[in-house]
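# Understanding the architecture of this molecule
If you want the building blocks of each chain, they are given just below.
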Amino acid sequence: MSGKVFPLQDNQSLAVEPRDSVWLSASAGTGKTQVLSARVLRLLLTPGVRPEHILCLTFTKAGAAEMATRVNEVLARWVRAKDDSLVNDLRAIGADFDPDTRARARTLFAAVLDCPGGGLRIDTIHAFSQWLLSAFPQEAGLMPGTRPMEDRDRELLADRVLRDLLLEWEESDPQAVSALEALSLRMGADKAQGWLMRCAGTRDMWFGNGAWQPPMEPRVKRLLGLDADASRADLARLCADDVFDITALRQWREVHADWGTATAQKCMAAIDDWLAGDAAARFEGCEALTAALFTQKGDVRSLSSLEKKDAGVGEYAACVAKHLGAIREKATLLDLVDRITPALEIGRKFALAWDDAKAREGLVDFDDLIMRAADLLGNADMSAWIRYKLDRQFNHILVDEAQDTNASQWAIIDLSLIHI
């Protein structure tokens, strides 16, 4: 058993002050876990703070185990430590070392063992959520026998749900089959299934107020900044004489005519071909026109030579480039719509089937744990009952790797301080 206490340095000493709320940012390997452990010790040494008042949330199970081991080994050593050794430890973490504090330090190991649950509450956010739900299964709306999903459960259930959907789609939904085929060809089979699982994980998209419902195309268009009724017919209209800057294009052509080289002749031919078409033909020819007038980097071809004939050619080119760019951007967005919409629609179908399958099997995944725990703690009518049944209050919460904690997880942390 080690239980060694390392002296805190500089800002580390400020970060363990129990009276302050602290956000600690530091690089890997600089002692953040050491500081968190020291802060727990400082809290335990504070009169009026009981072990059950403290909740430590870590990012991984390994992190939780490491912190629990560090704290428990120190407390166990303090029970029989010599006075000079105990004083050195207390001084190292910035604590008082008067007789009362030393006496309290020697009792903390027993106090931790006697607190509800048999020790400090040091958990991952998911383990903490699971603990809450196991204490209130009925209040959380869990069916008897519900259990957390293991990785193997997740893999088997995902395969089963997808197979069942494919059988169903082959009979009644050929568009869904086509969408899945396109997704698999574009992403690969494994990544396509990964996409479906990500859709299943974004439960808020498919349930509750504002849920995404088919047809999704108008909503996808609005999300990408397009009008809900935008179509490819709009692209042709952008090439019409009354929309496209035909004047600038013709002026650019005249500069080429004045230049008169073989290169200029090619550019003039490309412009003439484009102008000769109707709006639909012009749209189809935008790529060829762009290639004739601009380099791959988007620079105007032979600009310096053209400027010798007309110093304003750069302005003509900029106007044309602006219109061609707008057409290209809108075409790209509509291509995205064609890709995203069917992918989202089969993602929704999979997510709904996944939710039903979990309920049938009595399984909850990590996202369910967070969602249900937040709902449970956020239920104002339930909070008094939770306090009564648990008979504990978290007055101090320490969060490891807080930058990786998402909004739903922060909601649980905030509500834990308020309700429990």
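Reference entry: report on the structure contained in this document.

Turning next to the pairing of strand 2 (residues 121-124). Along strand 2, one buried face is formed by R121 and D123 and the opposite face, lined by I122 and T124, is buried too. Relative to strand 2, strand 1 (residues 54-58) runs parallel, the two being bridged by 4 bridges. Considered in strand 2, the bridge of L57 is made with D123.

This structure, assessed with the given rule, holds 4 aromatic pairs. An angle of 15 degrees between the planes, with centres 6.2 Å apart, marks the rings of F350 and W354 as stacked. Here F350 pairs with W354, and both are found in helix 17 (residues 313-361), just 4 residues apart, close to one helical turn. Of the residues examined, F350 reaches a relative accessible area of 0% and is grouped as buried. The class for W354 is buried, based on a relative accessible area of 1%. Positioned over the ring face of F97 is R91, at 4.7 Å from the centre of the ring. Of note, R203 hangs over the ring of F207, and the distance from its end group to the ring centre comes to 4.1 Å.

The step from P214 to P215 runs through a cis peptide bond, and the omega angle for that step is 0 degrees. Position of P215 relative to the elements: it lies in the loop between helix 9 (189-201) and helix 10 (217-223). Within the chain, D10 stands out as a residue other than glycine whose phi angle is a positive 50 degrees. Its place among the elements puts D10 in the segment before helix 1 (11-15).

About the criteria used
Residues numbered from 1 in each chain as written. Predicted model: local features only at pLDDT ≥ 70, side-chain atom pairs only at ≥ 80, totals over all residues. Heavy atoms only, no water. Buried < 20%, exposed > 50% of the residue type's maximum accessible area, 1.4 Å probe, protein only. Helix = DSSP H or I, 4+ residues; strand = E, 2+ residues; numbered from the N terminus. Pairing = 2+ DSSP bridges. Phe/Tyr/Trp six-rings, centres within 6.5 Å; stacked < 30°, edge-to-face > 60°. Lys NZ or Arg CZ within 6 Å of the ring centre and 35° of its normal.

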